[in-house]
Amino acid sequence: MHGSDEDLLMIPGPTFIPNSTLRVMSRQMISHRGKKFGEILTECTENLKKVFRTKNDLFILTSSGTGAMEAAISNIVEPGDKVLCTTFGKFSERFKLIVKAFGGVPIDLTFEWGDAPDPVLIEETLEKEENIKAITITHNETSTGVRIPLDEIGKIVKKHDTLLIADTISSMGGDYIPVDDWKIDICISGSQKCFSLPPGLAFISVSEKAWNVINRTKRRAFYFDLPAYLESYKKDPPELPYTPALTFFYALQNSLKLLLEEGLDSVVSRHEKLAQATREAIKALELELFPKREDICSVTVTAVQTPNGVSDKELRGSMQKDYGVLISGGQGKLKGKIFRIGHMGQATDKEILTTIYALEKSLKKLDHRIELGAGIEAAIKVFT
Ligand SMILES: Cc1ncc(COP(=O)(O)O)c(C=O)c1O
């Protein structure tokens, strides 16, 4: 799947881009106010709704994922508004920073990095604190490899007069996230992870419950003012308020075609299998998964504790230099303590086996005691 002169990208985004997507990106520019773009925009929006499993409005923003996080907050939060921010890693903390930047008051519900938010505590907080306008949650905390029980949290939020804002930047398009069934009012994703696209596009869906709040909020957004996106989309032909990254729309059109051709359920089971094979390999090598329990392990990124006596820098350095396999280290306070293997987008058993091979050989080179081949054998068992 990968070209031989490039590293095998096994980081949690950006991910490998298939050749057919690379090819469409060389297409000539068109008018972003014309019929042709209107058709591309409509097709991309409708196909994204299929991936999000939603009938809600959905908009495509020219920005990285953080832009969509900012869009959510700046359209909902007025100075003094309370937002329940669940934090359990680097990206969930980002929501809190954005809430603060827009004058909101974050109600902090912090969990240990490596753990997932406890739905019971969320419910207790929603019952205790009055006037919580929204709750922010990260479905797949890329920094810790944790995936949370978002369905359970959706059931709780539904009973309250508050909005559920979910970041699915590193899971949508790889994991099963039925936005409507799980009552996610604002759901956010980005292009460079499971969609196998370059960074530069973000996606945001908006429920009716969320529109009711947005329409009575004195919004502090301009570029990301969501009613402007709705108005532009209703035009004939549909368009966007500002000049979109046209090239990435060509790419998105192709990427969605690939996802739907493979079948959304098959895409999800492929990711589940990749994650399971990775975990089995890690356990067979007697390494420790970073998440506290296996039932909260992500299906798109596996976080592993760097074994005692092994330098994270040397381990990842050897994997890249000797085997051309690029994985990620820890972020923030986990720097040097964990490494992360991304298995999202176009990844298959071939890439996982190559990565495990590189990991085993590099651990051996660094004099860490492992049974060479144990990881590969465990992973193969999952694939066969
Ligand atoms: C869960 C999560 N949220 C937010 C972001 C930020 O997205 P971006 O870097 O596209 O702005 C990332 C990126 O890695 C992420 O994984």
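Higher on the page you've got the structure.
Heads up: these notes are all about the structure in this document. (Residues numbered from 1 in each chain as written. Predicted model: local features only at pLDDT ≥ 70, side-chain atom pairs only at ≥ 80, totals over all residues. Heavy atoms only, no water.)

Brief notes about the environment of Pro241
Among the structural elements, Pro241 can be located in the loop between helix 8 (226-233) and helix 9 (246-262). Expressed as a C-alpha distance, the spacing of Pro241 and Leu353, which sit 112 residues apart in the sequence, is 45 Å. Once you skip the residues sitting within four places of it in the chain, Pro241 turns out to touch Arg33, Ala228, Tyr229 and Ser232. (Helix = DSSP H or I, 4+ residues; strand = E, 2+ residues; numbered from the N terminus. Contact = heavy atoms within 4.5 Å.)

Some thoughts on the site of the ligand
Close contacts around the ligand come from 14 residues, with Ser64, Thr66, Thr142, Asp167 and Lys193 the closest. Between Thr142 and the ligand, the recorded distance is 2.5 Å, taken from a side-chain N or O atom to an oxygen atom. Taking 390 Å² as the accessible area of the ligand by itself, protein coverage stands at 87%. At three residues, helix 3 (residues 65-76) tops the list of elements feeding residues into the shell around the ligand. A per-class count over the shell around the ligand returns three nonpolar, eight polar and three charged. (Near = heavy atom within 4 Å. Polar contact = N/O pair within 3.5 Å; in protein donor to acceptor, adjacent residues only side chain to side chain. Areas by Shrake-Rupley, 256 points an atom, 1.4 Å probe, with all protein chains shown as cover. Nonpolar A, V, L, I, M, F, W, Y, C, P; charged D, E, K, R; others polar.)

Comments concerning the packing of helix 12 (residues 349-365) against helix 13 (residues 374-383)
Packing of helix 12 against helix 13 leaves a shortest axis separation of 9 Å and a crossing angle of 165°. Classified by the angle between their axes, helix 12 and helix 13 sit roughly antiparallel to one another. As for the relative orientation of helix 12 and helix 13, their crossing is right-handed in sense. Contacts between helix 12 and helix 13 involve Asp349, Ile352, Leu353, Ile356, Tyr357 and Glu360 on the former and, on the latter, Ala374, Gly375, Ile376, Ala379, Ile380 and Phe383. (Axes fitted to C-alpha atoms, helices over the stretch in contact; angles between N-to-C directions. Parallel < 35°, antiparallel > 145°, perpendicular 65-115°, else oblique. Left-handed = near helix turned anticlockwise from the far one by under 90°.)

Quick look at the nonpolar core
Leu48, Ile60, Ile184, Ile188, Phe195, Ile204 and Leu252 are the most contacted members of the largest nonpolar core, which totals 85 residues. Of all hydrophobic cores here, the second largest spans 30 residues; its members include Ala281, Leu289, Ala358 and Ile370. (Core = buried A, V, L, I, M, F, W, Y, C linked by side-chain atoms within 4.5 Å. Buried < 20%, exposed > 50% of the residue type's maximum accessible area, 1.4 Å probe, protein only.)

Considering the sheet that holds strand 8 (residues 163-167)
In spatial order, the strands read 2-10-9-8-5-3-4; together these seven strands make up an open sheet with mixed pairing. Every other strand in the sheet has two partners, leaving strand 2 (57-62) and strand 4 (105-110) as the edge strands with one partner each. Between one strand and the next, the sheet's axes are offset by a mean angle of 20°, whatever the strand orientation. As defined by bridge partners, strand 3 (residues 82-87) adjoins strand 5 (residues 132-138) across four bridges and the pair is classed as parallel. (Pairing = 2+ DSSP bridges.)

Regarding the pairing of strand 3
Of all six residues in strand 3, five are buried, a share of seventy percent or more. Inspection of the sheet shows strand 3 paired to strand 4 by six bridges, in the parallel sense. Bridging from a neighbouring strand, Thr87 pairs with Thr110 of strand 4. As for the winding sense of the linkage, the β-α-β connection from strand 3 through helix 4 (residues 90-101) to strand 4 is right-handed. (Right-handed = clockwise from strand over helix to strand, strands pointing away.)

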